[in-house]
Amino acid sequence: MAKQVLRSFFDRFSYRRYSTVSRVDREYLLQRLIISVVAIALLIVVLIIAVPLIKQYLWEPSRTLAVVDNERIRKADYDQYVKMQVLGITDAPESLASLYQVYKTDPESFPQRVKDAINSSMFSTSDVDAYTLDQMINNLVLNQTASKLGINISDQEVQAKIREIMSAVGASATPTSLPTTTTPSATSTPQAKSTPRITPTAATLPSDYQNFVSSLQKSAGISMDMYASMVVRPALIRQRYLETKVPKSAEQVHVRHILVSTKQQAEEVIKELRQGKKFEVIAKEKSIDDQTKLKGGDLGWAPRGIYEKSFEDAAFALTKVGQISPPVQTSYGWHVIQLLGREKDRPLTETQRQQLGQYMLQQFIQEQRQQMQKSGDLKVNIPPTPTPISSPTPTVTG
């Protein structure tokens, strides 16, 4: 049938030439035409199949998402980091020890459990969450600019930290240098969960660190080089910053507040206060801050850097005990604030120092990013920092 159709086509458009050649030549030309059409059809089919695969496995992993002072964050780097988030090892260096303990329970089933945890999450090789990328950029900026803070973390210190963590859980054969697997092009950040996503089984079998690293690489494509640069180094910088740069005391205010939904409601609260109604009574009746309303809205003592800027500015603008602020808007709603106390140099609690250190370091990172953007040393190929989306927490039981 195909031969007849092609013969008709050939007759219609090449009749004169076709009629002047022998029958054998005509059959040869027809066969050539058939072969050419089939080859073109096969090529189209191959392209339809191959192009998506080339995009997924060759072009997409090497795609540059951001460049920080000539260091690239590739899609492959991003995918590794997200997998580490799913496994719960990006929140702190010590989380790797928890995952190692999971491995010790059953080394044989560990690779499949890792794969199942990743597959049951919302991980996608095609998607890029701008919030997660923003975290990676922040950590890479921190790694590169820590020297401006007088902080220098050597490779030996990073390796020593990993040895310390793994030795604490009895990992044998801990290497004197970091094992090299697939080396990423980016160094960077933080961002994630406080518990591993795989639940250990009851049995405990002997295993060693090198086998654990190899299993993690084969099952999830996660290298220790990436883990060291994305988790351990930034964590050590933050720890050093807290130890050496965050003050142990600071000016603080002791305030309480009433949180409502609208400015009009805040103005009504102020009116009631001026009429003599007690602050704590109104807080219990009207405040939508469930954590403080039963305490009369008491927020305790706090230095600068703990609250949102508009709230902080209003609180530190109060100078006399008992003074009440005008309505103040934050992302939570509208506040009425009352000053209960103020001290120029009050000792900070450890929690306050942690919060203040995070705030100060984040301010530093943002300043460095702005400078890099102006100089062209920071390029981001997708818009950073949207509202964070909660990550899945797949759990695998043994």
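Residues numbered from 1 in each chain as written. Predicted model: local features only at pLDDT ≥ 70, side-chain atom pairs only at ≥ 80, totals over all residues. Heavy atoms only, no water.

To continue, consider the environment of Val 169. Take Val 169: it is sitting in the loop between helix H8 (155–167) and helix H9 (209–220). By relative accessible area, Val 169 is classed as buried at 16%. Sequence separation of Val 169 and Ala 97 is 72 residues, and the distance between their C-alpha atoms is 6.5 Å. Excluding residues that lie within four positions of it along the chain, Val 169 makes contacts with Ala 97, Tyr 100, Gln 101 and Lys 104. (Helix = DSSP H or I, 4+ residues; strand = E, 2+ residues; numbered from the N terminus. Buried < 20%, exposed > 50% of the residue type's maximum accessible area, 1.4 Å probe, protein only. Contact = heavy atoms within 4.5 Å.)

Bringing a nonpolar patch on the surface into the picture now. Together, Ile 40, Ile 44 and Ile 48 line one region of the surface with nonpolar side chains, adding up to about 310 Å² of accessible area. By the element assignment, Ile 40 lies in helix H3 (residues 23–62). (Patch = residues over 30% accessible without salt bridge, like charges linked within 9 Å, V, L, I, M, F, W, Y side chains within 5 Å. Areas by Shrake-Rupley, 256 points an atom, 1.4 Å probe, with all protein chains shown as cover. Salt bridge = Lys/Arg side-chain N within 4 Å of Asp/Glu carboxyl O.)

Relative to strand E2 (residues 71–74), strand E1 (residues 64–68) runs antiparallel, the two being bridged by 4 bridges. By the bridge assignment for E2, Val 68 is matched with Glu 71. If you look at the hairpin formed by E1 and E2, you'll find 2 residues sitting between the two strands, and Asp 69 has a positive phi there, around 50 degrees. (Pairing = 2+ DSSP bridges.)

Describing two packed helices takes the angle between their axes plus the distance from one axis to the other. Their axes nearest at 10 Å, the elements H8 and helix H10 (residues 224–244) cross at an angle of 100 degrees. Between H8 and H10, the angle falls in the class roughly perpendicular. Touching Asp 155, Glu 157, Val 158, Lys 161 and Ile 162 of H8 are Ala 228, Val 232, Arg 233, Leu 236 and Arg 240, all from H10. For the contact of H8 with H10, a count of residues per class yields 5 nonpolar, no polar and 5 charged. (Axes fitted to C-alpha atoms, helices over the stretch in contact; angles between N-to-C directions. Parallel < 35°, antiparallel > 145°, perpendicular 65-115°, else oblique. Nonpolar A, V, L, I, M, F, W, Y, C, P; charged D, E, K, R; others polar.)

Okay, the nonpolar core next. Counting 64 residues, the largest nonpolar core has Met 84, Phe 110, Ile 137, Met 166, Phe 212, Leu 216 and Tyr 227 as the members making the most contacts within it. With 11 residues, H10 is the largest single contributor of residues to this core. For Phe 110, the contacting residues outside a window of four places in its chain are Leu 99, Val 102, Tyr 103, Phe 212, Ser 215 and Leu 216. (Core = buried A, V, L, I, M, F, W, Y, C linked by side-chain atoms within 4.5 Å.)

So, about the packing of aromatic side chains. What characterises a pair of aromatic rings is the spacing of the ring centres plus the angle enclosed by the ring planes. All chains considered together, the criterion is met by 6 aromatic pairs. The interplanar angle of 55 degrees and the centroid separation of 6.0 Å between the aromatic rings of Phe 110 and Phe 212 together place this pair among those described as tilted. Of the residues examined, Phe 110 reaches a relative accessible area of 0% and is grouped as buried. Following the ring pairs from residue to residue traces out a cluster consisting of Tyr 100, Tyr 103, Phe 110 and Phe 212. One Lys or Arg, Arg 304, reaches over the ring of Phe 316 and ends 4.2 Å from the middle of that ring. (Phe/Tyr/Trp six-rings, centres within 6.5 Å; stacked < 30°, edge-to-face > 60°. Lys NZ or Arg CZ within 6 Å of the ring centre and 35° of its normal.)

Before going further, it helps to examine the environment of Tyr 78. Position of Tyr 78 among the secondary structure elements: in helix H4 (residues 75–87). Its relative accessible area of 4% is what places Tyr 78 among the buried residues. Considering only alpha carbons, one finds Tyr 78 and Val 128, 50 residues apart in sequence, at a separation of 8.0 Å. Excluding anything up to four places from it in sequence, Tyr 78 contacts Leu 65, Asp 127, Val 128, Asp 129, Thr 132, Leu 133 and Met 136.

Right, let's talk about the sheet that holds strand E4 (residues 298–303) for a bit. If you walk across this open sheet you meet the 4 strands as E4-E3-E6-E5, and the pairing is antiparallel. The open sheet has two edge strands with one neighbour each: E4 and strand E5 (328–330). On average, adjacent strands in this sheet sit at an angle of 45 degrees to one another, irrespective of strand direction. For strand E3 (residues 249–260) and strand E6 (residues 333–347), the ladder comprises 11 bridges, and the chain directions are antiparallel.

This part covers the confidence of the model for the chain. Averaged over every residue, the pLDDT of the chain is 81; residues scoring 70 or more account for 75%. Ignoring residues within four places in sequence, the model shows residues 173–206, a span with pLDDT below 50, making 128 contacts including any to other chains. Across residues 384–398, confidence stays below pLDDT 50; counting only partners more than four residues off in sequence or on other chains, it has 30 contacts. (pLDDT = per-residue confidence, 0-100.)

A few words now on the pattern of salt bridges. Applying the stated criterion across every chain yields a total of 16 salt bridges. In this structure, Glu 251 and Arg 342 form a salt bridge, with 3.0 Å as the shortest nitrogen-oxygen distance. With Glu 251 in strand E3 and Arg 342 in strand E6, this residue pair connects regions lying 91 residues apart in the sequence. On the accessibility criterion, Arg 342 (30% relative accessible area) is partly exposed.

Bringing the environment of Asn 138 into the picture now. Following the sequence through the fold, Asn 138 ends up in helix H7 (residues 130–145). Among the residues examined, Asn 138 registers a relative accessible area of 8% and is labelled buried. Each C-alpha atom of the pair Asn 138 and Val 68 lies 9.6 Å from the other, and the pair is 70 residues apart in sequence. Leave out the neighbours within four places in its chain, and Asn 138 touches Gln 362, Ile 365, Gln 366 and Arg 369.

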